[in-house]
Amino acid sequence: MTVFLDLGQRPDEPGPPIHGRANYPADVAERLAADAATIIARYPQSRSALLPLLHLVQAEDGCLTPAGISFCAKQLGLTDAEVTAVATFYSMYRRTPTGDYLVGVCTNTLCAIMGGDAILESLESHLDIAPGQTTTDGTITLEHVECNAACDYAPVVMVNWDFFDNQTPSSVRDLVDALRAGERPVPSRSGALCTFRETARTLAGLPSSDAPDPGPIGEATLAGLRYAHEHDMSAPEAGVPSDSAPGGASEQAEAAESVADEPAPAPEATVPARPSTPETDPKAAQ
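So, here is what we can say about the structure in this document. Predicted model, so just to flag it, every value in this text is computed and none were measured. (Residues numbered from 1 in each chain as written. Predicted model: local features only at pLDDT ≥ 70, side-chain atom pairs only at ≥ 80, totals over all residues. Heavy atoms only, no water.)

1. Looking at the packing of helix α6 (residues 116-127) against helix α7 (residues 169-180)
Where α6 meets α7, the axes come as close as 9 Å, and the angle between the chain directions of the two elements is 40°. By the angle class used here, α6 and α7 are oblique. You can see that α6 and α7 cross each other, and the crossing is right-handed. For the pair α6 and α7, the contacting residues are Ala118, Ile119, Ser122, Leu123, His126 and Leu127 in the first and Pro169, Val172, Arg173, Val176, Asp177 and Arg180 in the second. Tallied by class, the residues present in the contact of α6 with α7 amount to seven nonpolar, two polar and three charged. (Axes fitted to C-alpha atoms, helices over the stretch in contact; angles between N-to-C directions. Helix = DSSP H or I, 4+ residues; strand = E, 2+ residues; numbered from the N terminus. Parallel < 35°, antiparallel > 145°, perpendicular 65-115°, else oblique. Left-handed = near helix turned anticlockwise from the far one by under 90°. Contact = heavy atoms within 4.5 Å. Nonpolar A, V, L, I, M, F, W, Y, C, P; charged D, E, K, R; others polar.)

Here it is in structure tokens:
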């Protein structure tokens, strides 16, 4: 049987994987080069600076462009293909123009149970756009995001990767209306909200002098830590195996060592049959 796989970019990303302007004007390239030099100097190997440099050019264009890819490649002595391979792997790098505020709605398990799907549907209807699209005024880009490890305050909406906790369809409509009116609501876990390009410069390691301080840690986030302290619980010391229980660290290490040089098992074409039990096979009960 022949199987055809249609590989490529996401359906909501039109055009080539990375498109836009091909070159920066001389003054822009000179300004970016000065910022790039600051970033690269922080790393013993220059190519380690690729991820923050991608944020730098994303801050310039609002997304990645051929100009940004070529700029990063030139600064690090890489090819455009090498930079593109990294840039297209991570979802944090945008391939299409992004609004001032990237609004991401999580609908993974806990957020979905708590109403994430309803929140996404509400925003799609209220903004009249689908995930991956931007409002006509260029203010809001809507995104359907994967889990952001913020389950303690589900359902969560992110604006430029800042958390807005315990959201409802009504509260997110108010949130995007405020953003479109020029307001900057305060996120749940930081002191102030930045635009998408300001956030990208911060992620590049070049925050502005008035960058907001992190907000307080929420009670729900600290609940597990407080419980551990109240019950005198602690993690095992690093490098000290626990041999008191069957299958402890030393036993597992010994088992792993015994098969370290053996080849991995080949995939099987058939699935082994499960043993019959009264629960899976009524005849087994007879």
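2. Thoughts on the environment of Gln45
Summarising the element assignment, Gln45 is placed in the loop between α1 (26-40) and α2 (50-61). Overall, the relative accessible area of 54% leaves Gln45 in the exposed class. Residues Gln45 and Leu76, 31 residues apart in the sequence, show an inter-C-alpha distance of 9.4 Å. (Buried < 20%, exposed > 50% of the residue type's maximum accessible area, 1.4 Å probe, protein only.)

3. Some words on the packing of aromatic side chains
According to the stated counting rule, one finds four aromatic pairs in the structure shown. Centroid distance Phe89 to Tyr90: 4.9 Å. Interplanar angle 85°. Geometry classified as edge-to-face. Residue Phe89 is classed as exposed on the basis of its relative accessible area, which comes to 64%. With centroids separated by 5.7 Å and ring planes inclined at 40°, the aromatic side chains of Trp161 and Phe196 adopt a geometry described as tilted. Of this pair, Trp161 sits in the loop between β3 (157-159) and β4 (162-164) while Phe196 sits in helix α8 (residues 196-203), and the two are 35 residues apart along the sequence. On the accessibility criterion, Trp161 (28% relative accessible area) is partly exposed. What makes Phe196 buried here is its relative accessible area of 1%. (Phe/Tyr/Trp six-rings, centres within 6.5 Å; stacked < 30°, edge-to-face > 60°.)

4. As for α1
Helical geometry note: an α-helix holds 3.6 residues per turn, so side chains three or four residues apart project in the same direction. In a regular helix each residue adds 1.5 Å, so 15 residues correspond to 21 Å; α1 covers 20 Å between its end C-alpha atoms and thus fits that length. On its buried face, α1 sits against α2, α3 (66-76) and α8. (Expected span 1.5 Å × (residues − 1).)

5. Describing the side chain of Thr195
Checked against the element boundaries, Thr195 lands in the loop between α7 and α8. Setting aside chain neighbours within four positions, we find Thr195 in contact with Asp100, Tyr101, Asn160 and Arg184.

6. Points about unusual backbone geometry
At the junction of Ala154 and Pro155, the peptide bond is cis and its omega measures out at -5° in the coordinates. Even without a glycine there, the phi angle at Asn166 is positive, about 50°. On the secondary structure map, Asn166 appears in the loop between β4 and α7.

7. What to know about the nonpolar core
Leu53, Leu54, Leu56, Leu64 and Val83 are the most contacted members of the largest nonpolar core, which totals 26 residues. Residue assignment for this core shows that the elements contributing at least two residues are α1, α2, α3 and α4 (80-87). Ranked by residue count, the leading element in this core is α3, at six residues. (Core = buried A, V, L, I, M, F, W, Y, C linked by side-chain atoms within 4.5 Å.)

8. Section: the sheet that holds β4
In spatial order, the strands read β2-β1-β3-β4; together these four strands make up an open sheet with mixed pairing. In this open sheet, the two strands that pair with only one neighbour each are β2 (140-145) and β4. Across the sheet, the mean angle from the axis of one strand to that of its neighbour is 25°, orientation sign disregarded. Across three bridges, strand β1 (residues 101-106) lies against β3 in antiparallel orientation. Bridge pairing in β3 links Val103 to Val159. Taken strand by strand, α6 contacts β1, β2 and β3, and its axis lies near 145° from that of β1. (Pairing = 2+ DSSP bridges.)

9. A few points about the pattern of salt bridges
Summed over the entire model, instances satisfying the criterion amount to nine salt bridges. Arg94 is the salt-bridge partner of Glu143, the closest N and O atoms lying 3.2 Å from each other. In this pair, Glu143 is assigned in strand β2 and Arg94 in the loop between α4 and β1, connecting sequence segments 49 residues apart. Taken individually, Glu143 and Arg94 each receive the classification buried, so the pair is uniform in this respect. Residue Glu198 is joined to Arg184 by a salt bridge in which the shortest nitrogen-to-oxygen separation is 3.2 Å. With Glu198 in helix α8 and Arg184 in the loop between α7 and α8, the pair connects residues that are 14 residues apart, well separated along the chain. A relative accessible area of 40% means that Arg184 is categorised as partly exposed. If you follow the salt bridges from partner to partner, you end up with Asp152, Asp165 and Arg189 in one network. (Salt bridge = Lys/Arg side-chain N within 4 Å of Asp/Glu carboxyl O.)

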